[in-house]
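# Fold and geometry: a report
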Amino acid sequence: MQQVGAPTIKHLVPAIGAENLTTRSSEETTMKAGQAVLEALRAEGVEYTFGVVGSTTNSIVTEMYGRNDIRFVDTRHEEGAAFMAYGYARASGKPTACITTSGPGTINLVTGIALAYKGRAPVIVIAGDVARDYIYRDGSQAFDLVGLFKPITKLALEVNKTERVPEMLHYAFRAALADKCGPVLLDIPRDLLDDQTIAGEPLRPDAYRAVETRIAGDPQAIQRAAALLAQAQRPLLLAGGGIIDAEASKEAVVLAELLDMALVPSYGHTDAVPNSHHLYVGPPGGRGSAEAAEALHRADVILALGTRLNQPTTFWDYRVINRETRIVQVDIDAQEIGRNYAVAVGIVGDARAVAEQLLRAVRDIAPQGHPKAAWRSEVVALSARRQARLQAELSLTGTPMMPQRVYPELRRVLPRDCMVTIDAGVAPGLAYDRLQFEIPRTLFNYAGHGGLGMGYCVGLGTKLGRPDRPAVSLQGDGGFLYTSQEINTAVRWRIPLVSIVLNNSCHGAEKAQQQRHFGARYIGVDLVNPRFDKLAEVYGARGMYVQQPEAIGDAVKEALAENGPVVIEIPVAEYFPAPAATPGGAGRH
Ligand SMILES: Cc1ncc(C[n+]2csc(CCOP(=O)(O)OP(=O)(O)O)c2C)c(N)n1
Ligand SMILES: [Mg+2]
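Residues numbered from 1 in each chain as written. Chains lettered and ligands numbered in written order. Predicted model: local features only at pLDDT ≥ 70, side-chain atom pairs only at ≥ 80, totals over all residues.

This part takes up the packing of helix α1 (residues 33–43) against helix α7 (residues 165–177). Direction vectors running N to C along α1 and α7 enclose 25°, while the axes themselves pass 10 Å from each other. In terms of orientation, α1 lies roughly parallel with respect to α7. Handedness of the crossing formed by α1 with α7: right-handed. Contacts from A33, A36, V37 and A40 of α1 reach α7 at V165, P166 and L169. (Axes fitted to C-alpha atoms, helices over the stretch in contact; angles between N-to-C directions. Helix = DSSP H or I, 4+ residues; strand = E, 2+ residues; numbered from the N terminus. Parallel < 35°, antiparallel > 145°, perpendicular 65-115°, else oblique. Left-handed = near helix turned anticlockwise from the far one by under 90°. Contact = placed C-beta atoms within 7 Å.)

Shown next as structure tokens:
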């Protein structure tokens with residue numbers, strides 16, 4: 001992986017008395033328009049951009065020539081670029097950008113940008129478009145990209161004047177980073193960039209957007225919530241993605257300890273709280289643990305901290321969360337409060353700010369907290385039941401191995417700070433209940449988007465975003481071939497991602513459906529694959545093939561020590577578990 005030096009932000013000058021309101025006017029500072037785009041990205045700390053070249057973006061990408069503070073990760077398909085940008089942004093917590101050309105180049109981003117939208121990742125798309133002379137008249141490679149991206153971005157705009165490029169980029173970052181983050185598309189017709197210059201110096205982000213945005217909760221709502229939580233008999237803290245975005249894990253855990261609240265992460269956010277904690281039960285949802293569903297069902301008060309109470313967690317069904325359960329919901333977006341369940345108290349605010357307020361308010365009511373011994377032992381028993389269930393999988397036998405058998409081996413060797421990207425598919429999905437997460441920003445998935453094939457590229461992006469942490473991606477055979485051409489990108493950029501392909505020679509998740517509900521009339525689900533380790537070798541990556549469970553640990557350790565990409569194929573049996581049991585059977589399909 002090419003190392004990027006510390007950000008060297010030039011021209012950090014606020015706008016004082018500027019004629020152009022969004023750049024500092026300066027007689028001396030005139031830049032090529034493409035460079036002005038890059039300086040606006042650099043001001044936000046962007047170190048990597050992702051994409052494939054095209055004639056409409058050459059005025060931007062060629063300005064990266066010779067620079068090492070900002071680089072162009074040239075992928076083999078734009079979809080890979082969008083997925084990598086997503087992984088980068090989620091792993092690092094920082095914004096990033098895709099730079100793609102007109103028409104099909106940018107259209108190829110759609111799937112990945114839709115993931116960034118669902119997964120709340122600040123990815124700025126800079127789409128070089130055809131010149132204004134050719135738009136609105138069916139010109140070559142001319143499409144309504146703004147219209148196409150509107151439903152999957154927070155903001156999609158066409159820039160209409162060269163001088164406004166910096167201002168539009170400020171607008172893009174303001175939108176991408178406000179409240180819940182998300183992608184933004186800026187469509188720039190090439191005639192606004194080619195051979196054009198822009199006067200003025202870039203601004204610091206705090207000149208054009210709020211950079212301190214911890215919004216505290218309403219004090220009265222905090223008091224009511226604290227009173228409700230303090231008198232609860234069986235309280236539970238449902239830890240959402242807002243905890244990760246707001247860096248509120250520590251506060252959430254202290255609050256849970258103070259009140260003996262069971263800890264359950266919302267689906268897809270298992271890394272929001274440390275899984276080794278004695279109050280941690282397990283992840284909920286169809287691919288989660290029955291024990292977590294039971295805890296949710298038993299709770300009399302739920303503190304939904306930084307969560308919408310998403311569909312895969314609760315199925316939006318009173319058979320998961322009781323009708324009688326009192327819910328305190330905290331979300332940064334007022335429109336999410338009470339959207340899926342009636343709430344007892346709704347609090348709009350940043351998860352950390354609100355958790356701190358709740359801690360103070362609860363301590364005022366009960367300085368020693370409110371221990372609930374009976375509930376605590378119920379929670380600990382549920383957690384022990386889950387551990388015993390998972391441990392029993394060690395004794396599974398058979399050739400090829402059962403896919404569950406992979407996970408105790410991974411649990412043993414994956415480092416505590418290892419980032420794991422989980423693709424769609426039934427065998428990778430077993431990871432939700434089976435892997436342990438201790439640190440925020442170590443679990444990445446399809447985030448309610450559901451796109452098969454995101455795993456490999458998102459995994460590559462996570463490693464670029466946090467080069468100091470080990471990175472693993474888990475895919476099925478179906479998912480891996482969606483974007484496996486990006487092994488080429490991983491080799492060229494020397495990205496040491498360990499990618500594990502659980503090969504059951506089928507689209508297992510869909511085969512399961514056809515088996516259960518369509519009389520096993522299999523269509524389109526059985527796959528004939530290449531050897532994935534050999535495929536990796538052809539690309540110049542390291543390939544490994546592991547058939548014995550006992551050999552998995554050593555192989556993964558060796559792969560993690562490699563200074564480049566590794567693909568490990570593990571042949572596994574077809575195994576299609578029913579969704580995890582929920583009280584009353586909610587969520588089964
Ligand atoms: C882009 C996309 N196309 C189709 C699907 C439907 N789908 C969900 S899982 C799956 C099969 C996954 O197969 P594989 O990756 O081999 O994992 P397995 O279930 O076999 O473990 C398919 C086709 C999807 N989720 N996303
Ligand atoms: Mg499969």
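So, about the packing of helix α3 (residues 78–92) against helix α18 (residues 455–465). At their nearest, the axes of α3 and α18 sit 6 Å apart, and the two run at 45° to each other. As far as their axial angle goes, α18 and α3 are oblique. When you trace α3 past α18, the crossing you get is right-handed. The segment α3 lies against α18, with G80, F83, M84, A85, Y86, G87, Y88, A89, A91 and S92 engaging C457, V458, G459, L460, G461, T462, L464 and G465. Within the contact of α3 with α18, the residues separate by chemical class into eleven nonpolar, seven polar and no charged. (Nonpolar A, V, L, I, M, F, W, Y, C, P; charged D, E, K, R; others polar.)

The pLDDT averaged across the protein works out to 94; a share of 95% of its residues lies at or above 70. Within the model, pLDDT remains below 50 along residues 3–20, and this stretch shows 35 contacts once partners closer than five positions in the same chain are excluded. (pLDDT = per-residue confidence, 0-100.)

Moving on, we get to the site of ligand 1. In the vicinity of ligand 1, 20 residues are found, and the nearest of them are G425, A427, G476, G478 and G508. If you list the elements that add at least two residues to the shell around ligand 1, you get α16 (426–429), β16 (471–476), α19 (477–480) and α21 (508–517). Its residues placed into classes, the shell around ligand 1 shows seven nonpolar, eleven polar and two charged. (Near = placed C-beta within 6 Å.)

Taken in spatial order, the six strands of this open sheet run β3-β2-β4-β5-β7-β6, and their pairing is parallel. Either end of the sheet is taken by a strand with one partner, and the two such strands are β3 (71–74) and β6 (155–158). On average, each strand axis in the sheet is tilted by 20° relative to the strand beside it, whichever way the strands run. Bridge count for strand β4 (residues 96–100) against strand β5 (residues 123–129) is five bridges, and the pairing is parallel. Pairing of A97 across the sheet is with I124, part of β5. Here α3 sits on the sheet and contacts β2 (48–51), β3, β4 and β5; the angle it forms with β4, its principal contact strand, is near 170°. (Pairing = 2+ DSSP bridges.)

By secondary structure assignment, the location of L296 is in helix α11 (residues 290–298). Considered as a pair, L296 and L236 are 60 residues apart in the sequence and their alpha carbons are 7.2 Å apart. Every residue in contact with L296, bar those within four places of it in the chain, is listed here: L236, V264, P284, V320 and I321.

Glancing now at the domain arrangement of the protein. Domain boundaries assigned for the protein yield domain 1 (9–21 + 29–207), domain 2 (219–384) and domain 3 (396–571). On a C-alpha basis, the centroid separation for the pair domain 1 and domain 2 is 38 Å. (Domains from an automatic or database assignment.)

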